[in-house]
Amino acid sequence: MRAGGRAVLDVALACYRATGGLPLSDAAKRRYELRADLAPYQPFERLRNCGQFLAYSPEDPGGLTGVEIVMPPDGHPGFRGVETCGSKTGCPPCSARACVKNAEEIKRAVAWARATGLTPVMATFSFAHGQGDDLKKIRGGCSEAWRLFRQGAPFLRFKCRVGLVHSVRALECTCGRHGFHPHIHAILFVRDVSALRAALPWISDRWCAKVTSLLGPEHAPNVEHGVVLSECDRDGVYLAKLGLEVGGAGAGKRAKNGNRSMWEVAEDLAEHRAPADVAIWRAYVTGMRGARMLTWSVGLRAAVRVWAASEAVKKPEDSPGMPLSLALVPSPAWYRVRARRDIWRLLTAAVDGQIAEGAGQWKVNRQLLAWGIPGQYVGPVLPFGVQREVG
């Protein structure tokens with residue numbers, strides 16, 4: 001095994017021991033189960049087929065090899081070589097993968113802000129909504145109101161007054177007795193927090209004016225709750241508000257005031273199959289399709305990258321290497337098990353076998369046979385300790 005592969009396995013082993021020998025959290029397992037439960041109710045074929053078909057590869061154009069189980073440096077095993085939908089709103093596993101990446105970027109942006117003398121402040125922008133509202137229309141109006149809010153000479157003067165340097169905006173949607181509630185959580189990186197709080201009436205009036213001009217007076221924000229400011233004191237708080245908690249799908253942040261987060265709706269749909277939840281879920285996925293869930297102000301990402309490089313936040317030589325292939329599920333076997341709710345058991349088998357005994361492939365083959373896959377469709381058992389790195 002090359003040095004890079006050894007480093008990956010060392011990192012994976014550390015993660016494995018830290019979790020008491022469980023390669024997957026309960027939330028991670030639940031995400032795979034929830035994807036299977038939601039598949040019949042997804043409005044788009046791409047979501048229904050997520051994780052089902054082998055992805056095209058120039059090295060294997062006929063898709064004859066199969067699906068690899070890989071261990072990335074972060075210690076979270078997964079499947080490699082299958083087509084995924086990439087949806088951040090309708091697919092639990094794909095949403096979680098996007099959350100991991102976005103959360104790390106935002107954590108680093110907050111660290112950059114504090115290191116350069118800025119204060120990150122969480123701002124929530126909402127508006128009135130009602131049962132029967134067209135989700136696509138009101139979430140589009142919400143995003144457009146945010147764009148217009150940040151334009152013009154009055155906003156430039158406001159930026160100078162409070163020392164607003166950059167911002168990150170996340171779009172979120174909950175559901176309750178008054179229908180869908182799209183709203184914005186934004187992290188504002190400012191120099192003068194007291195000036196920002198003093199400017200809250202101006203912020204609220206401007207936000208109200210932009211929403212009203214786009215969506216009409218019936219959607220005018222509440223004077224007290226249209227704009228709410230709070231400090232980003234703990235990582236978990238602002239990441240949860242931005243909807244970037246890794247456990248959001250399958251473990252989930254809880255909505256307030258009697259509302260449900262959309263992952264709560266998904267859980268209720270999977271458990272009860274209520275027609276009302278089916279309608280809500282399909283309307284949500286359809287209405288949020290194409291929405292930009294996370295946007296950064298111009299120049300913020302570049303500034304964070306420069307700071308990260310100068311502060312040696314992550315040195316290239318510290319990278320533990322490329323993902324390591326633990327096992328292979330041959331394509332004939334994959335097409336027989338791909339729709340199982342407990343497909344995560346293959347990940348558990350591969351990691352358990354590889355770390356504990358150096359026999360991940362053997363454990364995966366045993367799991368496939370236990371599921372009734374004919375022996376001729378199960379790949380050969382690799383010698384103990386033999387790995388193949390994947391680029």
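As a reminder, the structure under discussion sits directly above these lines.
Residues numbered from 1 in each chain as written. Predicted model: local features only at pLDDT ≥ 70, side-chain atom pairs only at ≥ 80, totals over all residues. Heavy atoms only, no water.

Description of the overall build of the protein
- The helix and strand inventory of the protein stands at 15 helices and 10 strands.
- Looking at the protein alone, contacts between residues at least 24 apart form 77% of all its contacts between residues at least 6 apart.
- Summing over all exposed atoms, the protein offers an accessible surface of approximately 18,600 Å²; the carbon and sulfur share of this is 53%. (Helix = DSSP H or I, 4+ residues; strand = E, 2+ residues; numbered from the N terminus. Contact = heavy atoms within 4.5 Å. Areas by Shrake-Rupley, 256 points an atom, 1.4 Å probe, with all protein chains shown as cover.)

Section: the packing of helix H5 (residues 135–149) against helix H8 (residues 200–215)
- Running from amino to carboxyl end, H5 crosses H8 at an angle of 135 degrees, the nearest separation of the two axes being 9 Å. As summarised for this structure, H5 and H8 are arranged oblique, according to the angle between their axes. Handedness of the H5/H8 crossing: right-handed. Facing Lys137, Ile138, Gly141, Cys142, Glu144, Ala145, Trp146, Leu148 and Phe149 of H5, the residues of H8 in contact are Ile203, Arg206, Trp207, Lys210, Val211, Leu214 and Leu215.
- For the contact of H5 with H8, the per-class residue count stands at 11 nonpolar, one polar and four charged. (Axes fitted to C-alpha atoms, helices over the stretch in contact; angles between N-to-C directions. Parallel < 35°, antiparallel > 145°, perpendicular 65-115°, else oblique. Left-handed = near helix turned anticlockwise from the far one by under 90°. Nonpolar A, V, L, I, M, F, W, Y, C, P; charged D, E, K, R; others polar.)

Quick notes on the environment of Leu164
- One can find Leu164 in the loop between helix H6 (153–162) and strand E4 (166–176).
- Measuring from C-alpha to C-alpha, the distance between Leu164 and Val193 comes to 9.5 Å, with 29 residues separating the pair along the chain.
- Sequence-distant contacts of Leu164, that is, excluding residues within four places in its chain, are made with Phe155, Phe158, Lys159, Leu188, Phe189 and Val190.

Focus on the pattern of salt bridges
- With the rule as written, the count across this model stands at 11 salt bridges.
- A salt bridge links Arg301 to Glu105; the nearest nitrogen and oxygen atoms lie 3.1 Å apart. Remark: Glu105 occurs in helix H4 (residues 92–115) and Arg301 occurs in helix H12 (residues 300–310); sequence separation between them is 196 residues.
- Residue classification places Glu105 among the partly exposed positions, given a relative accessible area of 25%.
- Between Glu144 and Arg147 there is a salt bridge whose closest N-O contact spans 2.5 Å. Taken as a pair, Glu144 and Arg147 lie in helix H5 at a separation of three residues, close to a single helical turn.
- Of the residues examined, Glu144 reaches a relative accessible area of 27% and is grouped as partly exposed.
- Given a relative accessible area of 39%, Arg147 falls into the partly exposed group. (Salt bridge = Lys/Arg side-chain N within 4 Å of Asp/Glu carboxyl O. Buried < 20%, exposed > 50% of the residue type's maximum accessible area, 1.4 Å probe, protein only.)

Overview of the packing of aromatic side chains
- All told, the structure shown has 15 aromatic pairs when counted by the stated rule.
- Centroid distance Phe125 to Trp207: 5.1 Å. Interplanar angle 65 degrees. Geometry classified as edge-to-face. With Phe125 in strand E3 (residues 119–125) and Trp207 in helix H8, this residue pair connects regions lying 82 residues apart in the sequence.
- Using a relative accessible area of 2% as the deciding quantity, one classes Phe125 as buried. (Phe/Tyr/Trp six-rings, centres within 6.5 Å; stacked < 30°, edge-to-face > 60°.)

Side note on the nonpolar core
- In this structure, Phe125, Leu196, Trp207, Trp281 and Tyr284 are the most contacted members of the largest nonpolar core, which totals 55 residues.
- Beyond its immediate sequence surroundings of up to four residues, Tyr284 is in contact with Thr89, Leu135, Cys173, Phe180 and Met262.
- One finds Ile69, Val329, Leu347 and Trp371 within the second-largest nonpolar core, a separate group that totals 29 residues. (Core = buried A, V, L, I, M, F, W, Y, C linked by side-chain atoms within 4.5 Å.)

Section: the state of the cysteines
- Considering all chains together, one arrives at zero disulfides under this definition.
- No disulfide involves Cys50; its sulfur sits 3.7 Å from the nearest other cysteine sulfur, which is in Cys94.
- Summary of cysteine pairing: Cys173 is not part of a disulfide, and the nearest cysteine sulfur, belonging to Cys175, is at 7.1 Å. (Disulfide = S-S within 2.5 Å.)

Considerations on H5
- If you check H5, its first and last C-alpha atoms are 21 Å apart, about what 15 residues at 1.5 Å a residue would give, namely 21 Å.
- Where H5 is buried, its residues meet E3, H6, E4, strand E5 (179–190), H8 and helix H11 (275–288).
- If you check the start of H5, you find a side-chain oxygen 3.1 Å away from the backbone N of Lys136, and it comes from Asp134. (Expected span 1.5 Å × (residues − 1). Polar contact = N/O pair within 3.5 Å; in protein donor to acceptor, adjacent residues only side chain to side chain.)

Some words on the environment of Tyr56
- Within the fold, Tyr56 resides in the loop between helix H3 (45–48) and strand E1 (66–71).
- Separated by 26 residues in the primary sequence, Tyr56 and Val82 place their C-alpha atoms 8.3 Å from one another.

Some thoughts on helix H15 (residues 360–370)
- Considered for burial, the residues of H15 that qualify are Gly360, Gln361, Val364, Asn365, Gln367 and Leu368. Looking down the long axis of H15, one finds its buried residues gathered within 160 degrees of arc, a one-sided arrangement.
- One or two residues past the end of H15 sits Gly372, with phi positive at roughly 90 degrees. (Arc of directions from axis to C-beta.)

Quick word on the packing of helix H2 (residues 26–38) against helix H10 (residues 262–272)
- Two elements in contact, H2 and H10, have axes whose closest approach is 10 Å; the angle formed by their N-to-C orientations is 65 degrees. Taken as axis vectors, H2 and H10 run roughly perpendicular relative to one another. The two elements H2 and H10 meet at a crossing, and its hand is left-handed. Of the residues in H10, those touching H2 at Arg30, Leu34, Asp37 and Leu38 are Trp263, Ala266, Glu267, Leu269 and Ala270.
- When the residues that make up the contact of H2 with H10 are grouped by side-chain class, the tally is six nonpolar, no polar and three charged.

A word on the environment of Gly287
- Positionally, Gly287 belongs in helix H11.
- Measuring from C-alpha to C-alpha, the distance between Gly287 and Lys136 comes to 4.3 Å, with 151 residues separating the pair along the chain.
- Look past the residues within four positions of Gly287 in its chain and what remains in contact with it is Leu135, Lys136 and Arg139.

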